[in-house]
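Structure at a glance
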Amino acid sequence: MFAPKGLPALSGSVRTAEVCWKGESAACGEGALRGFGFAPAAVGGNEVALPEGASPAAAFAAGEGVAVYCAGGDVYFCSAAGAQKSDTGFTRIPSAARVYDGSEGLLLSDGSSCALLRGSGLTPSSAPAFDGAAFYGDRLWTAARGEAGKLRYSAPTDAYNFASARGKGGSIDLPSAYGQIAALLPFGDALLIFRERGVQRLRARGDERDFDVSDLFSCARIYGETVADVGGKAVWLAEDGLHAYDGGERAFCTAGAAAVCGIDQSGARAAAEGGLYFLQAKLAESGEPVLAAFAADGSGASYLRCVAEGLTQSRRALFVLGGKVCAPTVRGYAEGNARRVYESEPFAPFGGRALLREVRVRASGPFTLTAESEEGKRTVSVRGGGRTERFSLHLPGTSFDFRLETEAGGQVFGLSATYVQGGVQ
């Protein structure tokens, strides 16, 4: 049952209520990270298949569809109905960013053009082309290599409107001794800006007068395509090894990562799924290509000797191997890990349209929080340090439900949500 604990806090048209969970499911198994394999990716119950002569280089999943980027620039949209060539093409493996505009989609861009991927297909997008992007604070943020340290941002709740105006879209120039922007990552109530040799944090509450950017730390050269959120922890590969940040920066899985340290890894790519960090890289000793998996807590790692290419993160982790689109298949989990899921019943705070303005979460262990209504969905990463974390969601709808899940163990102590009647802030 989803209901307030005791009396709800009412102030005019604002209501705050505690979430009660309908049940908990656990299990996934325990034991050391014993290794992993791979299998051809499927769509509609069949393997992803392309026309003869098409050579896949990377793939992205959204809904029940998969967009496959091929050598030469062609893109095919694969669904249960088969593979259809898209009018959109790219000059390289595109960068990707989740976006929410009433429903979830995946923006793809090669720095020159931009397209939106949904389960129904791939269509051109009016969003500016980017080399890195992230959806944070109800805005889409983009960065392009040719614009040095400039960040562009959309209007609130309008991911495709970048018209410059007070309270709308615009841009920020962020010159830094850390170098060019390499990646953007939503992280709790902030946006992490990964630069060539350091990380910054941007907090953007309200309009641009409230934006705040601070330097967090400098570090060895960062390989931008390896940045990923692993259960509420930012993980990336740098020249001196794997690193993690969850409020403090430190080395990650030092023993397990030693095999990929000491050589240039400019072609490395990463993705996170199921509480694991997957890394496409080269062995330092031989230069041989490998696909590696690391437990979220850094307690274990496993390497698969194979020529995996184009590893990407979308609805699921995908890569190309032997001319086929593949997905990792994990046979074990890190010691002590246990999958836990907290789900709520739908809750209509006013019986009519409302705005889910903010949630506050207190948990131990990293969780992925998803809030959903009939008008859209928001997903954020909860770090789970035992303190209350606040997230501005600005999700409209009539009825709302929540889901918190983890692959790394932990407990949710409380979740409260604040709603505004009428769907207006």
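Each remark here, short or long, concerns the structure printed above.
Every value quoted in this text rests on a predicted model; they were computed, and no experiment measured them. Sequence order sets the numbering: in each chain, residues are counted from 1 along the sequence as written. Given that this is a predicted model, residues contribute local features only at a pLDDT of at least 70 and side-chain atom pairs are listed and counted only at 80 or more, while totals for whole chains, interfaces and linings are drawn from all residues. Side-chain calculation: all heavy atoms of the structure are included, whereas hydrogens and water are not.

1. A short note on the layout of surface pockets
- The definitions used throughout rest on a 1 Å grid laid over the protein atoms alone, on which a cavity is an enclosed set of points accommodating a 1.4 Å probe that cannot get out and a pocket is an open set flanked by protein within 12 Å on both sides along at least five of seven lines; lining residues are those having an atom within 4 Å of a point. Grid points are joined across faces, edges and corners, and a volume is the space filled by probe spheres set on the points. In this structure, the second largest pocket occupies an estimated 220 Å³ of space.
- Residues of the lining of the second largest pocket, tallied by class, amount to 1 nonpolar, 4 polar and 6 charged. Under the convention adopted here, Pro, Cys and the residues Ala, Val, Leu, Ile, Met, Phe, Trp and Tyr are nonpolar, Asp, Glu, Lys and Arg are charged, and Gly plus all remaining residues are polar.

2. Notes on the packing of aromatic side chains
- Pairing of aromatic side chains requires ring centres within 6.5 Å, counting the rings of Phe and Tyr and the six-membered ring of Trp. Pairs whose planes differ by under 30 degrees are stacked, by over 60 edge-to-face, and all others tilted. This structure, assessed with the given rule, holds 15 aromatic pairs.
- Where Tyr 136 meets Trp 141, the ring centres are 6.2 Å apart and the plane angle is 40°; that geometry is what we call tilted. For the pair Tyr 136 and Trp 141, one class covers both residues: buried.
- Where Trp 141 meets Tyr 153, the ring centres are 5.3 Å apart and the plane angle is 40°; that geometry is what we call tilted. Residue Trp 141 is found in strand 16 (residues 139-143), and its partner Tyr 153 is found in strand 17 (residues 150-153); the two are separated by 12 residues along the sequence.
- Three or more aromatic residues joined by ring pairs form one cluster here, namely Phe 187, Phe 194, Phe 217, Trp 236 and Tyr 245. Each residue's exposure class comes from its accessible area (1.4 Å probe, protein chains only) as a fraction of the maximum for that residue type: buried when under 20%, exposed when over 50%, partly exposed otherwise. Helix numbers and strand numbers start at the N terminus; a helix is a DSSP run of H or I with at least 4 residues, a strand a run of E with at least 2.

3. A look at the pairing of strand 31 (residues 309-313)
- At least two DSSP bridges between two strands are required for those strands to pair. Of the pairings in the sheet, the one linking strand 31 to strand 32 (residues 317-321) comprises 3 bridges and is antiparallel in character. Residue Gln 313 lies in a different strand from strand 32, and its bridge partner there is Ala 317.
- Between strand 31 and strand 32, which pair antiparallel and follow one another directly, the connecting turn spans 3 residues.

4. Side note on the environment of Leu 415
- Its location among the elements puts Leu 415 in strand 40 (residues 411-421).
- Sequence spacing of Leu 415 and Glu 18 is 397 residues, and the spatial spacing of their C-alpha atoms is 5.9 Å.

5. Brief notes about the pattern of salt bridges
- Counted as salt bridges are all cases of a side-chain nitrogen of Lys or Arg within 4 Å of a carboxyl oxygen of Asp or Glu. Under the counting rule described, the total for this entry stands at 22 salt bridges.
- Note that Arg 197 is salt-bridged to Glu 239, the shortest N-O span being 3.7 Å. One end of the pair, Arg 197, is in the loop between strand 20 (190-195) and strand 21 (198-204); the other, Glu 239, is in the loop between strand 24 (234-238) and strand 25 (241-245), and 42 residues separate them in sequence.
- Across the pair Arg 353 and Glu 375 runs a salt bridge whose closest N-O atoms are separated by 2.9 Å. Here Arg 353 is found in the loop between strand 34 (340-344) and strand 35 (354-364), whereas its partner Glu 375 is found in the loop between strand 36 (367-373) and strand 37 (376-382), with 22 residues between them in sequence.
- By relative accessible area, which is 40% here, Arg 353 ends up partly exposed.

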